[in-house]
Every structure is written in structure tokens, then in C-alpha cells.
Amino acid sequence: MFPSRVSPPRPSRFLPLLLAAAALALAAACSRQPEPAATGTPAPGPDAARAPAPAAPAVDALGEVTASMEKFLAARSFHAVMTVEGSQPMQNEMDFVAPDRYRMIMPVGTQVIIGDTMYMEMHGQQTKVPIPEGTVSQWRDPMKIRENRSGLSAEFLGEEDLAGQRARRYRVRHTQPEPGEFLYWIDREGRPLQLQHSGETANGGPYTMTLAYSRFNDPTITIESP
């Protein structure tokens, strides 16, 4: 997830999630009418009453969303791309390697964080600076999922193709740490695939931020100090 310093102006603090994972496969039961018995009794006509087909199992949207967030927090590594469209468009990329290594590729330069040290590159100049202890762990779970679950709700919106794979789409609403909502896609492995949020900047201009996740648990992602 992206720290606040690379987020668009005045985004919700929930945006860095991404959150997020893949959906549980819910298959509706298919029933077949039994063949009529070979007796002298004529088979029922087409207008005869038929037993209703079993109802499809209900979708536990909130359970699927929170399960995907837990998978996100347990990931050993991932790649993310944040795209902002609006009056201040931008695109940043980020790699993560557990437990505390980040690499952020930004227009001003590449920033590397290892533990409580940030290696900042700004317009060709590099600086090594300490960051407050515990900052990185807060980035991994800015919403404190377990503590704030009571303020979370989700609505399943159906399946669609996204990034070359089948995904399940949800609308997620939250009341903590502040009210808001976003769209959330989960892949077949129960992991977050994409998160999208729309809002307004501090100047009142509209923006749409999209976080796309990939390469979960990829051992080829490595992050070393510059």
C-alpha cells in the first residue's frame, strides 16, 4: 500500500489498502427434474406445477472482502501501481518485500525504505533520513482491519474480466477512520486485484485513484539499499 506522502490531495486514509484478494467460488446448485416413471399414468403436461429450483447460496460479501484483506496483510511481497486521473494526474509504482522494505518509483525519483530508514531521491539528489519507529507497520494496515471491522460493509456487484483474469467486484463502505466508499476487485486466489476511489482534491477538483496489485509472493522482487 502507498504511504500518505504519495497519495493525491486529501484522500481517505483507507485508500492505501488494497486492498486487497480473490473471491470464494460460489456455485449455484443445478437440479434436474426426475424422469417420469414408466407407468400407465400420463406424464405431467407443460403447464403442470413444478417444484422450484434450489436457491443459489447467498454471497457473504463482507466475509470475502475481509478475507482478501487478511491475505493482503500476509503477503510476502507484491507490486502495485497507483494511477490518479483528474486535475493533478500522476502514476507511481511500488514494490513491497516483507517485513519492512518498500521501493516507490515516483516522477521525482525512486524512494527506498528499509526498516526505519528512507533513502530519498529528489531530482537526482539522494538523502538518507530516519523515519519514526513503527511508521512502516502502520502503512501495512492503515485501517486497522480487525479493530474497525464493525464499521465496514460490502456489496457484491458481480463478476467481470479485469487485467486478463476473472474477478469479483464489490462496493465497500466504511465509517472509520472516516466515512467513505470504494470499488474493490478480488481475483480467483482470494487476493486484491484492484481498488478504485473517487473524490475531490483540496481545491475541489474531482479525481479517481486506482490501485492495481500484482506479483503477490513473487520471490524475484528484491529491495536493497541504494
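Scroll up to find the structure.
Note that the structure is predicted; figures quoted are calculated from it, not measured. (Residues numbered from 1 in each chain as written. Predicted model: local features only at pLDDT ≥ 70, side-chain atom pairs only at ≥ 80, totals over all residues. Heavy atoms only, no water.)

1. Looking at the overall build of the chain
Heads up, the rule is: Every helix listed is a DSSP run of H or I at least four residues long, and every strand listed is a run of E at least two residues long, numbered separately from the N terminus. Three exposure classes are used, based on accessible area relative to the maximum for each residue type with a 1.4 Å probe and protein chains only: buried under 20%, partly exposed in between, and exposed over 50%. Note on areas: these come from Shrake-Rupley sampling with a 1.4 Å probe, and a residue is covered only by the protein chains present in the view.
Tallying secondary structure elements over the chain gives three helices and eleven strands in all. Each of the 226 residues in the chain was classed as buried or not, and the buried ones make up 39%. Carbon and sulfur atoms provide 51% of the accessible area of the chain, an area that totals close to 12,600 Å².

2. Here we look at helix 1 (residues 61–74)
Test applied: How far a helix is expected to stretch is found by multiplying one less than its residue total by 1.5 Å.
For helix 1, with 14 residues, the first-to-last C-alpha span of 20 Å sits near the 20 Å given by 1.5 Å per residue. Of the positions making up helix 1, those classed as buried are Ala61, Gly63, Glu64, Val65, Thr66, Ser68, Met69 and Phe72.

3. A closer look at the pattern of salt bridges
The condition is simple: Any carboxyl oxygen of Asp or Glu that lies within 4 Å of a side-chain nitrogen of Lys or Arg is treated as forming a salt bridge with it.
As enumerated under the stated definition, the model contains 13 salt bridges in all. Glutamate 159 is the salt-bridge partner of arginine 166, the closest N and O atoms lying 3.4 Å from each other. Exposure remark for arginine 166: the relative accessible area of 31% places this residue in the partly exposed category.

4. Points about the sheet that holds strand 9 (residues 180–186)
Adjacent strands of a sheet form backbone hydrogen bonds with each other and so pair up, either parallel or antiparallel. Defined as follows: Paired strands, as defined in this entry, are two strands with at least two bridges between them according to DSSP. Between N-to-C directions, angles cover 0 to 180 degrees, with each direction set by a line fitted to C-alpha atoms, over the stretch in contact for helices. A contact between two residues is defined here by any heavy atoms of the two lying within 4.5 Å.
As summarised here, the arrangement of the eleven strands in space is 6-5-4-3-2-1-11-10-9-8-7, forming an open sheet in which the pairing is antiparallel. One side of each edge strand has no neighbouring strand; the edge strands of this open sheet are strand 6 (125–130) and strand 7 (152–162). For this sheet, the mean inter-axis angle between neighbouring strands, taken without regard to orientation, is 15°. Pairing of strand 5 (residues 117–122) with strand 6 involves six bridges; the strand directions are antiparallel. Bridged to tyrosine 119 within strand 6 is lysine 128. Its contacts with the sheet put helix 1 on strand 1 (77–86), strand 7, strand 8 (165–174), strand 9, strand 10 (192–200) and strand 11 (206–214), and the angle it makes with strand 7 is roughly 80°.

5. Points about the nonpolar core
For the record, the criterion: The definition of a nonpolar core used throughout is a set of buried Ala, Val, Leu, Ile, Met, Phe, Trp, Tyr and Cys residues joined through side-chain atoms within 4.5 Å.
One finds Val65, Phe78, Ile113, Val172, Tyr184, Met209 and Tyr213 to be the most contacted residues of the largest nonpolar core, which totals 30 residues. Looking at this core, the elements that each hand over two or more residues are helix 1, strand 1, strand 2 (90–97), strand 3 (101–106), strand 8, strand 9 and strand 11. With six residues, the next largest nonpolar core counts Val97, Tyr119, Ile221 and Ile223 among its residues.

6. Considering the pairing of strand 10
When a strand is regular, its side chains alternate between the sheet's two faces. The pairing of strand 9 with strand 10 spans four bridges and is classified as antiparallel. Bridge pairing links tyrosine 184 to leucine 195 in strand 10. What sits between strand 9 and strand 10 in their antiparallel hairpin is a turn of five residues, with glycine 190 showing a positive phi close to 80°. Sheet analysis places strand 10 next to strand 11, joined by seven bridges and oriented antiparallel. When the bridges of strand 11 are listed, glycine 199 appears paired with tyrosine 207. Where strand 10 folds back on strand 11, the antiparallel hairpin that results is connected by five residues, among which glycine 204 adopts a positive phi of roughly 90°.

7. Looking at unusual backbone geometry
For the bond from alanine 98 to proline 99, the omega torsion is 5°, close enough to zero to count as cis. Structurally, proline 99 is set in the loop between strand 2 and strand 3. For arginine 215, which is not glycine, the phi dihedral falls at a positive 55°. With respect to the helices and strands, the residue arginine 215 is situated in the segment after strand 11. For asparagine 217, which is not glycine, the phi torsion reads 55° and is therefore positive. Secondary-structure assignment places asparagine 217 in the segment after strand 11.

8. Here we look at the pairing of strand 8
Across ten bridges, the pairing between strand 7 and strand 8 is antiparallel. Bridge pairing links phenylalanine 156 to tyrosine 170 in strand 8. Here strand 8 pairs with strand 9 via seven bridges, running antiparallel. Across the sheet, residue arginine 168 finds its bridge partner in strand 9, namely isoleucine 186. Connecting the antiparallel pair strand 8 and strand 9 is a turn made up of five residues.

9. Quick look at the environment of glutamine 125
Turning to its location among the elements, glutamine 125 is positioned in strand 6. Residues glutamine 125 and valine 108, spaced 17 residues apart in sequence, show a C-alpha to C-alpha distance of 9.9 Å.

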